[in-house]
Amino acid sequence: MGLQIKHDRSEWAYRKKEYRRRMVKAQPLTEGGDSKIIDPSRAVALLEAIIHPADRVALEGNNQKQADFLAECLCKVDPLKVNRLHMVQSVIALPSHCEIFNRGIAEKVDFSFSGPQAVPVTRLVKESKMKIGEIHTYLELFSRYFLDLTPRVALVVAALADRQGNLYTGPNTEDTPAIVEATHFKNGIVVVQVEKVVEKLPRVDIPGDWTDFIIPTGKPCYIEPLFTRDPAEIKNVHVLMAMMVIKGIYAEYGLRSLNHGIGYASAAIELLLPTYAERLGLKGKICTHWALNPHPTMIPAIESGFVDSIHSFGSEIGMEDYVAARSDIFFVGPDGSLRSNRAFSQAVGHYAVDAFVGATLQIDRYGNSSTAMADRIAGFGGAPNMGCDSPGRRHSSEAWIKVGQEYAMQPALIGSMPRGRKLVVQLLQTRGPKGIQCFVDKLDAWELMKRANLKVPPVMIYGDAVTQVVSELGIAHLHKCATLQEREAAIKAIAGDTDLGKEAKPEQTTDLRRRKVVQTVDDLEIDPAEANTSLLAAQSMDDLVKWSAGLYKVPMQFLKTG
């Protein structure tokens, strides 16, 4: 017999035909009936024409840049026409992101972070109005756009567009390229809100043949200055922790490439580079290459010559002029504005940097950390990508090699094979606001797993990835521990006056300090009396403006009034 071929599908271009059907239905809504331009007054009608029940819809809600107009329009569609949507978005940030679930327009979501709406999200889950698929890392969610979470419709945002649909994203490119590419090349429809349509763009960030409809709203989209920290809010305890990190970790490992998470302790580190770190003779030896938003608290370090390069996930409001004037440091286009990219920066953080240094809200006895609390489904964004030791890394560096040589459990895993290891540092005080214990026996994430019907607790960074935990009492170098029991003892040694800290055995702590598995303030020869905010290179937003020679423009919400 000859070769028998069986075609299991009767239709091989259904998505393409469906795309054309929806486009034909929507085309009369465009300007002149034959363009890509949609008047804002017709935006709701457009969404009702192109979105069908049970569609998977990507709504651009990033760490900072929000497709706020499109989110509001999605809230206004007729739930009888548009319903049971499966939303895929990085961040649940705006009230409108929750309202679409309140109204029954959407029923399921896969996301990464929901800090701004953590409490409403928790309520929606409890009321069975929102079903959570998974809480992802950013890079994980972007990857699934190209696999099994490909959007049928993408609602995104750019700064400007031309009449051909070419997009200029400006400083906040963020997730837009990943969303648009995944949608367009699987025959999905791409709708873009922009401030206005212009004849000529400063540069083309996304080509026009990847976009379908452009809605000029007449105003900028909402952007959150997420990584901006007022130096005046930094406390002496943050300075103390920052001094320990600089002397006990950055200097010890010659740490040159890194990412900082959000927090006042990491902001304190940035503001101590031109003062404390320079006094230790560390300029040119640490903190030269960064995957980082343009944190205003980085300005003194940049001006003092500590920093060689910064690639950014997104921008920060008010930093536009400063970034344009420092094109040797930032990735800046010929137009003078930053080109950020969240997916590429996440990849940099995952594979290229030698360290992630970030804050958390809870650490358990095994070193697992999470920002997911019992009554707040917050997610964790990119921290798990930043805060992991990628097994795929193959390039070496001084810091990577040294940490690998100290990794006490490694011989039991891969024998005598030499391998480096990334530094993953978690910063937290022993107690938080109102005396809440931050070192705990069991993470709140376990309770959250039950409430949200998740398969596993939403842990931000697993304990086996964490190399150091830093509290106001000292540093626990977990990677130097040979057993799980020893890791527990090291964590307890710096847990202070918490239930977990009270389990510490003095003789064990003494031995750990002798072997430099645990280092206290005294062990690091840091004078606590010196650890005060006068050591910071800038003590106010005005000081940051002065450091920038007037280029930094303080966002409205940080301006002092009255």
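Check the entry above for the structure.
What you see is a predicted model; the values in this text were computed from it and never measured. (Residues numbered from 1 in each chain as written. Predicted model: local features only at pLDDT ≥ 70, side-chain atom pairs only at ≥ 80, totals over all residues. Heavy atoms only, no water.)

Caption draft 1: Region of interest: the sheet that holds strand β8 (residues 167-168). The sheet built from three strands is open, its strands ordered β8-β7-β10 with mixed pairing. Looking at which strands have only one partner, the edges of the open sheet turn out to be β8 and β10 (196-197). In terms of strand pairing, strand β7 (residues 160-161) meets β8 through two bridges, oriented antiparallel. Looking at β8, one finds that Ala161 is bridged to Leu167. (Pairing = 2+ DSSP bridges. Helix = DSSP H or I, 4+ residues; strand = E, 2+ residues; numbered from the N terminus.)

Caption draft 2: Representation of empty space enclosed by the protein. Taken as a whole and assessed by the stated rule, the structure comprises two cavities of 30 Å³ or more. Each pocket or cavity is described by its volume, and for the largest cavity that value is around 40 Å³. Forming the walls of the largest cavity are Phe227, Arg229, Gly261, Ile262, Gly263, Ser266, Ala267, Glu270, His295 and Thr297. In the lining of the largest cavity, the residues fall into three nonpolar, five polar and two charged. Empty space within the second largest cavity amounts to approximately 30 Å³. (1 Å grid on protein atoms, 1.4 Å probe; cavity = no way out; pocket = protein on both sides within 12 Å on 5 of 7 lines; lining within 4 Å. Points joined across faces, edges and corners; volume = space filled by probe spheres on them. Nonpolar A, V, L, I, M, F, W, Y, C, P; charged D, E, K, R; others polar.)

Caption draft 3: Region of interest: the sheet that holds strand β9 (residues 189-194). Pairing within the open sheet is parallel, and its seven strands lie in the order β5-β4-β3-β1-β6-β9-β11. Of all strands in the sheet, those with a lone pairing partner are β5 (131-135) and β11 (213-216), marking the two edges. If you compare each strand with its neighbour and ignore which way they point, the axes differ by 20 degrees on average. By the bridge criterion, six bridges tie strand β3 (residues 85-91) to strand β4 (residues 106-113) in an arrangement that is parallel. Looking at β4, one finds that Val91 is bridged to Phe113. (Axes fitted to C-alpha atoms, helices over the stretch in contact; angles between N-to-C directions.)

Caption draft 4: The arrangement of the side chain of Ser471 in detail. For Ser471, the location among the structural elements is in strand β21 (residues 468-471). What makes Ser471 buried here is its relative accessible area of 0%. Within polar-contact distance, the side chain of Ser471 engages the backbone nitrogen of Leu473 at 3.1 Å. Not counting the four nearest positions on each side in its chain, Ser471 is found in contact with Met241, Met244, Leu428, Thr430, Phe439 and Ile494. (Buried < 20%, exposed > 50% of the residue type's maximum accessible area, 1.4 Å probe, protein only. Polar contact = N/O pair within 3.5 Å; in protein donor to acceptor, adjacent residues only side chain to side chain. Contact = heavy atoms within 4.5 Å.)

Caption draft 5: Quick peek at the packing of aromatic side chains. Inspection of every chain in the model, using the stated rule, returns three aromatic pairs. With a centroid separation of 6.3 Å and 15 degrees between ring planes, the pair formed by Tyr138 and Phe142 is classed as stacked. Residue Tyr138 and its partner Phe142 are both found in helix α6 (residues 138-145); the two are separated by four residues, about one turn of the helix. For Tyr138, a relative accessible area of 2% translates into the label buried. Take Phe142: its relative accessible area is 4%, and that puts it in the buried class. Ring geometry for Phe185 and Trp210: centres 5.1 Å apart, planes at 85 degrees, overall edge-to-face. Here the residue Phe185 occupies a position in the loop between α7 (176-184) and β9, and Trp210 occupies one in the loop between β10 and β11, the gap between them amounting to 25 residues. The exposure class assigned to Phe185 is exposed, which follows from its relative accessible area of 52%. (Phe/Tyr/Trp six-rings, centres within 6.5 Å; stacked < 30°, edge-to-face > 60°.)

Caption draft 6: Structural context of the environment of Leu544. Along the chain, Leu544 falls in helix α19 (residues 541-547). Between the alpha carbons of Leu544 and Pro231 there is a distance of 8.7 Å; along the sequence they are 313 residues apart. Not counting residues within four places of it along the chain, the set of residues in contact with Leu544 comprises Pro231, Leu271, Pro296, Thr297, Ile299, Pro300, Ala538 and Tyr552.

Caption draft 7: Seen up close, the environment of Val82. For Val82, the position within the fold is in the loop between α3 (68-75) and β3. Relative accessible area serves as the criterion here: at 0%, Val82 is assigned to the buried category. Apart from residues lying up to four places away in sequence, Val82 is in contact with Leu47, Glu48, Ile51, Val77 and Ile105.

Caption draft 8: Summary view of helix α16 (residues 445-452). Among all positions of α16, only Ala445, Leu448, Met449 and Ala452 are buried. The buried residues of α16 occupy an angular sector of 110 degrees when projected down its axis, which confines them to one face. Close packing links the buried residues of α16 with α5 (118-126), β5 and β18 (369-370). Asn453 sits one or two residues past α16 and shows a positive phi near 65 degrees. (Arc of directions from axis to C-beta.)

Caption draft 9: View of the environment of Ala531. Along the chain, the position of Ala531 falls in the loop between β23 (518-520) and α19. Separated by 289 residues in sequence, Ala531 and Ala242 have C-alpha atoms that sit 9.0 Å apart. Those residues within four positions of Ala531 in sequence are excluded, and the remaining contacts are Asn236, Val239, Leu240 and Met243.

Caption draft 10: View of the pattern of salt bridges. Counting across every chain of the model gives 34 salt bridges. A salt bridge links Glu31 to Arg163; the nearest nitrogen and oxygen atoms lie 2.3 Å apart. Here Glu31 is found in the loop between α1 (14-26) and α2 (43-50), whereas its partner Arg163 is found in the loop between β7 and β8, with 132 residues between them in sequence. What makes Glu31 partly exposed here is its relative accessible area of 42%. Its relative accessible area of 39% is what places Arg163 among the partly exposed residues. The salt bridge involving Lys492 is made with Glu488; its shortest N-O contact spans 3.9 Å. Separated by four residues within a single helix, Lys492 and Glu488 lie in helix α17 (residues 484-493), roughly one turn from each other. (Salt bridge = Lys/Arg side-chain N within 4 Å of Asp/Glu carboxyl O.)

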